[in-house]
Amino acid sequence: MSYHPSRLATRSLVFASSLLLLATPSIAQRPGTPPSDTSWIVPRVPLALARKSLPTRDAQAAVLLMDTTLVLQFTDRGLSRMKASVRDSAPVDVGQRLLARMVGSALGELFDHGIAYNLRALRSARVEGNRLVLEDLAGKRVFDHVEINGRDVMDDFSPADASRFAAAVNRALHR
C-alpha cells in the first residue's frame with residue numbers, strides 16, 4: 001500500500017509554500033525578527049491580539065491587522081483541520097505511518113506560523129467583490145495568489161467584512 005496524502009494536506013502545503021515564498025528574502029532570519037525587508041515569518045498570532053481580523057468564509061485562514069503589520073495565517077480551526085487531515089490520511093503500514101507522523105509533525109510546525117507584512121510598505125486596502133486587495137507602494141498586490149483548499153485566500157471573504165477590514169487598514173495607514 002502506498003501513501004497518498006489527502007487533498008487538504010497537499011493544498012495546505014501549497015498554502016504554506018506560498019507563505020514561505022512571500023517571505024523568501026527573510027527566511028534566513030529568526031522567526032519574529034523583522035529584517036529590513038517588508039515581510040517575514042512570525043509565530044501565529046492569537047486572533048484576540050489583533051486590532052481587527054478578517055477570517056476567510058470557511059474560517060481556515062485570516063488576515064490580522066496589528067499595530068504595525070498585517071499577518072496572514074491559518075486560524076486555529078484551519079491548523080486543526082490540516083493536522084487532522086494529515087493524521088487521517090496516514091497509511092496502515094507501520095513504517096509508512098511513522099513517516100507520515102514525522103512529516104505531519106514537521107508540517108504542523110511549519111503551518112503554525114504566519115507572514116507579517118509591514119504596514120509602512122502598504123499603499124492602500126480596498127475590496128473588489130469578495131476580494132481583499134492590499135496594494136504595496138509600488139502598486140503590486142500583497143498576498144496575491146495564496147491558495148488554500150483550491151481557493152485564493154484573498155478572494156474568499158465576506159464583502160461586508162472585507163470592506164470594514166479594508167477601512168480599518170486604511171485608517172491605520174493614515175495615522
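Please refer to the structure higher up on the page.
Structural notes, computed from the coordinates. Because the structure is a prediction, the values reported are computed rather than measured.

## Quick look at the packing of aromatic side chains
- The full count for this structure, using the stated rule, is 1 aromatic pair.
- Ring plane angle 70° and centroid distance 6.2 Å describe the contact between Y117 and F143, whose orientation is recorded as edge-to-face. Note that Y117 is positioned in strand β5 (residues 113–118) and F143 in the loop between β7 (131–136) and β8 (147–148), a separation of 26 residues in sequence.
- For Y117, a relative accessible area of 7% translates into the label buried.

## Looking at the pairing of strand β1 (residues 39–43)
- Counting buried positions along β1 gives 4 out of 5 residues, so the element sits mostly inside the fold.
- With 5 bridges connecting them, β1 and β5 associate as antiparallel partners. Bridge assignment links W40 to a residue of β5, and that residue is A116.

## What about the sheet that holds β5?
- On the basis of which strands lie adjacent, the open sheet formed by 5 strands has the order β1-β5-β4-β3-β2 and antiparallel pairing. Each edge of the open sheet carries a strand with a single partner, namely β1 and β2 (52–55). Here the average twist between neighbouring strands, direction ignored, is 25°.
- One ladder, built from 4 bridges, connects β2 with strand β3 (residues 61–65); its direction is antiparallel. The residue of β3 that forms the bridge with L54 is V63.

## Let's talk about unusual backbone geometry
- You will see that F143, though not glycine, has its phi angle at about 60°, which is positive.
- On the basis of relative accessibility, which here comes to 1%, the residue F143 falls in the buried class.
- In this structure, H145 is a non-glycine residue whose phi angle is positive, near 65°.
- Structurally, the position occupied by H145 is in the loop between β7 and β8.
- Classification of H145 by relative accessible area gives exposed; the value is 59%.

Reading the values: the criteria
Residues numbered from 1 in each chain as written. Predicted model: local features only at pLDDT ≥ 70, side-chain atom pairs only at ≥ 80, totals over all residues. Heavy atoms only, no water. Phe/Tyr/Trp six-rings, centres within 6.5 Å; stacked < 30°, edge-to-face > 60°. Helix = DSSP H or I, 4+ residues; strand = E, 2+ residues; numbered from the N terminus. Buried < 20%, exposed > 50% of the residue type's maximum accessible area, 1.4 Å probe, protein only. Pairing = 2+ DSSP bridges. Axes fitted to C-alpha atoms, helices over the stretch in contact; angles between N-to-C directions.

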